[in-house]
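Summary of structural features
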Amino acid sequence: SYPVADTSLADSQAESDIGAVIEMVRAIRTLRAEFRIEANRNVEAIVDAPYIEKVIESESAAIVALAQVDPLIMGLGSSSDGAGDGDDSVSLVLSRGTVTVPLEGVVDVDREKARLTEELQQIDSGAQRLSARLSKADFLSKAPPEVVEKERSRLSGLEDRRIRVAEMLSRLGG
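Calculation rules
Residues numbered from 1 in each chain as written. Predicted model: local features only at pLDDT ≥ 70, side-chain atom pairs only at ≥ 80, totals over all residues. Heavy atoms only, no water. Axes fitted to C-alpha atoms, helices over the stretch in contact; angles between N-to-C directions. Helix = DSSP H or I, 4+ residues; strand = E, 2+ residues; numbered from the N terminus. Parallel < 35°, antiparallel > 145°, perpendicular 65-115°, else oblique. Left-handed = near helix turned anticlockwise from the far one by under 90°. Nonpolar A, V, L, I, M, F, W, Y, C, P; charged D, E, K, R; others polar. Buried < 20%, exposed > 50% of the residue type's maximum accessible area, 1.4 Å probe, protein only. Contact = heavy atoms within 4.5 Å. 1 Å grid on protein atoms, 1.4 Å probe; cavity = no way out; pocket = protein on both sides within 12 Å on 5 of 7 lines; lining within 4 Å. Points joined across faces, edges and corners; volume = space filled by probe spheres on them.

Re the packing of helix α4 (residues 109-135) against helix α6 (residues 145-171)
In contact at an axis separation of 9 Å, α4 and α6 are set at 155° when each is read in the N-to-C sense. Considering the angle they form, α4 stands roughly antiparallel to α6. Crossing angle aside, the handedness with which α4 passes α6 is left-handed. When grouped by side-chain class, the residues that make up the contact of α4 with α6 number 13 nonpolar, 3 polar and 11 charged.

Below is the structure:
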């Protein structure tokens, strides 16, 4: 017969705690990708999550390895040099805490702002072209339905990307 799960072994608190660790690692990795931080470069992370501090401490080796974080500091603003207090840091608000990642020395913030501003302009330009094309009755009547749908999908993708780039830019204070 097929095995049956023993629900008495389920631990919802442990699942919730590990879910918070996964959320933290995912958020840091997403930030690393968004700001194009080199894969072999560790970043500092300052964690303010008092309700799951013990979990973070017990899972710190996994967080350090999976998110490429070093050092992992518990307690907001406890960095010895105050790196988390400056303008060149990004705070990631999570469901059970906050992680602040100082970008000074890791990301050239001015160059990143310029890159994101340029990307935003390119997205806006592309979206305007697609919107203009999709607003023409001639295009809609002559183009095959799959082409029209593909263009609408591209426009939707550009709009989503614009939101993400604008959020990244606002995180940097741009």
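Next comes the rest of the account.
Focus: the environment of Leu 120
Within the secondary structure, Leu 120 is located in helix α4. Classification of Leu 120 by relative accessible area gives buried; the value is 13%. As a C-alpha pair, Leu 120 and Val 147 span 27 residues in sequence and 25 Å in three-dimensional space. If near-sequence neighbours (up to four positions away) are discounted, Leu 120 is found in contact with Arg 162, Val 165, Ala 166 and Leu 169.

A closer look at empty space enclosed by the protein
Enumeration according to the criterion identifies 1 cavity of 30 Å³ or more in this entry. Of the pockets and cavities examined, the largest cavity occupies roughly 40 Å³. If you trace the largest cavity, you find it lined by Ala 20, Glu 23, Met 24, Val 47, Ala 49, Ile 52, Leu 94, Arg 96, Gly 97, Thr 98 and Val 99. Only α1 (12-34) and β4 (97-102) provide two or more residues apiece to the lining of the largest cavity.

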